[in-house]
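Given next are the chains, with one letter for each unit.
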Amino acid sequence: MRLAVFGFLALMLCAGAAEPPPGAAAAMLRERFVALRSQPQPSPFHIPLYLQATEVSNRVQGDVYALIERHYGEVRPALERIDQWCRILTLHLNVKYCRPADGSARQTLTVGVASKYEQSLSSVNWVRFAFQAASLGEEYMQIVLRAPSGPFGTSDYRMSVEVVPFEGQSLLHLTYAYSYGAAASMAMQAYLATAGRNKVGFSVVGQQGDGQPIYVNGLRGMIERNVMRYYFAIDAYLGAQRRPPPDRLLNSLQDWFDATERYPRQLREVSRNEYLDMKLREFERQQAAPAQ
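The structure presented is a predicted model; accordingly, all values stated were derived computationally and were not measured.

**Digging into helix H3 (residues 72–79)**
Phase 1: All buried positions along H3 are accounted for by Tyr72, Val75, Arg76, Ala78 and Leu79.
Phase 2: In the core, the buried residues of H3 are packed alongside helix H4 (82–89), strand S5 (125–136), strand S6 (141–149), strand S7 (154–166), strand S8 (169–180) and helix H6 (218–240).

Structure below.
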């Protein structure tokens, strides 16, 4: 189980450079997306979505740029509050618990992660993220989650979601990064050599003799799988906001699973019924369980 949690933990991060002013950040995001969209190679997702991942020294980073068919005025209020993020995070297969806390000094999210199967809370790994609505303007928003440390020697967790209005829709940028030491590196390599050895990401790094693509594997493949799962969680949550409140949870769960099933080579882990039954029980337990 401890090896499997690295897949989720990689989702929670982004680079630690200083942030530009909101106006400059919005312009940079639009320019970057235009450049990606103008590339001669079409997106492998067949929608306006672009995925990138890098691994440098003892730090990894992943980015998703996606055009969402919803107005900015609809997306911003759906993402700006801390309690909404537990609904998003818990759609992910490995998230077993999430509870917001609004203290006098800062807002935090207590997140419990474990393997893809149902787990008791006594078996999960706990990570506490500081939540910050870094910018909430009419033309740009940014949500940032930070955790200085995590399990197995990981550190410097930072996740950022930026959104700007774009062509009557919303342009979303999810980016994440984390650092890892010797213990974390050993654990990740053990996972990639055993349970994760046949798993791949989305980037094509070669071609087989019969013309079939060869996909990236290893740590980059793991990051790509998980950042896509998290992007699908955001998208499923946003889509469910158009439903009546009693239907939103089940609708977001169904949409998340359906989105992942479009890429079974990379993302299939459990059956639809297994996922829905497990998540409904986890949400019910979360309402009753005390904060950790």
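We are not done yet, so read on.
**Let's talk about the pattern of salt bridges**
Phase 1: Scanning the entire structure with this criterion turns up 17 salt bridges.
Phase 2: Two residues, Arg268 and Glu261, come together in a salt bridge whose shortest N-O distance is 2.7 Å.
Phase 3: Among the ionic contacts, a cluster of salt bridges with common partners joins Lys116, Lys199, Arg229 and Glu269.

**Focus on the nonpolar core**
Phase 1: Counting residues in each nonpolar core, the largest one holds 69 residues, and the members touching the most others are Trp85 and Leu109.
Phase 2: A total of 13 residues in this core trace back to one element, the largest contributor, which is H6.
Phase 3: Setting aside chain neighbours within four positions, we find Leu109 in contact with Ile82, Trp85, Cys86, Leu89, Cys98, Arg99, Pro100, Val127, Arg128, Phe129, Phe131 and Leu145.
Phase 4: Core analysis: the second largest hydrophobic core is formed by twelve residues, Ala26, Leu29, Leu67 and Phe166 among them.

**Quick notes on empty space enclosed by the protein**
Phase 1: Going through the model one piece at a time under the given rule, you end up with one cavity of 30 Å³ or more.
Phase 2: The volume enclosed by the largest cavity comes to roughly 50 Å³.
Phase 3: Taken together, Leu93, Trp256, Phe257, Thr260, Glu261, Leu267, Arg268, Glu269, Val270 and Tyr275 make up the lining of the largest cavity.
Phase 4: Class assignment for the residues of the lining of the largest cavity results in six nonpolar, one polar and three charged.

**Describing the layout of surface pockets**
Phase 1: In this structure, the largest pocket spans a volume of roughly 530 Å³.
Phase 2: Surrounding the largest pocket, 21 residues form its lining, Pro42, Ser43, Pro44, Phe202 and Ser203 being those nearest its centre.
Phase 3: Counting residues per element, the ones that place at least two in the lining of the largest pocket are strand S1 (49–56) and helix H8 (264–267).
Phase 4: In terms of residue count, S1 provides more of the lining of the largest pocket than any other element does, four residues in total.
Phase 5: Grouping the constituent residues of the lining of the largest pocket by class yields twelve nonpolar, seven polar and two charged.

**What about the packing of aromatic side chains?**
Phase 1: The final tally for this structure, using the stated rule, is 14 aromatic pairs.
Phase 2: Pairing Tyr157 with Tyr178 gives two aromatic rings, centres 6.1 Å apart and planes at 20°, and the pair type is stacked. Placement of Tyr157 in strand S7 and of Tyr178 in strand S8 is noted, with a sequence separation of 21 residues between them.
Phase 3: Accessibility expressed as a relative area gives 1% for Tyr157, which makes it buried.
Phase 4: Owing to a relative accessible area of 1%, Tyr178 belongs among the buried residues under this scheme.
Phase 5: Put simply, the rings of Phe45, Phe202, Tyr231, Phe232 and Tyr263 pair up and form one aromatic cluster.

**Details of the environment of Pro21**
Phase 1: With respect to the helices and strands, the residue Pro21 is situated in the loop between helix H1 (5–9) and helix H2 (22–37).
Phase 2: Each C-alpha atom, one on Pro21 and one on Ser135, is 9.3 Å from the other, the two residues being 114 residues apart in sequence.

Procedures and definitions
- Residues numbered from 1 in each chain as written.
- Predicted model: local features only at pLDDT ≥ 70, side-chain atom pairs only at ≥ 80, totals over all residues.
- Heavy atoms only, no water.
- Buried < 20%, exposed > 50% of the residue type's maximum accessible area, 1.4 Å probe, protein only.
- Helix = DSSP H or I, 4+ residues; strand = E, 2+ residues; numbered from the N terminus.
- Contact = heavy atoms within 4.5 Å.
- Salt bridge = Lys/Arg side-chain N within 4 Å of Asp/Glu carboxyl O.
- Core = buried A, V, L, I, M, F, W, Y, C linked by side-chain atoms within 4.5 Å.
- 1 Å grid on protein atoms, 1.4 Å probe; cavity = no way out; pocket = protein on both sides within 12 Å on 5 of 7 lines; lining within 4 Å.
- Points joined across faces, edges and corners; volume = space filled by probe spheres on them.
- Nonpolar A, V, L, I, M, F, W, Y, C, P; charged D, E, K, R; others polar.
- Phe/Tyr/Trp six-rings, centres within 6.5 Å; stacked < 30°, edge-to-face > 60°.

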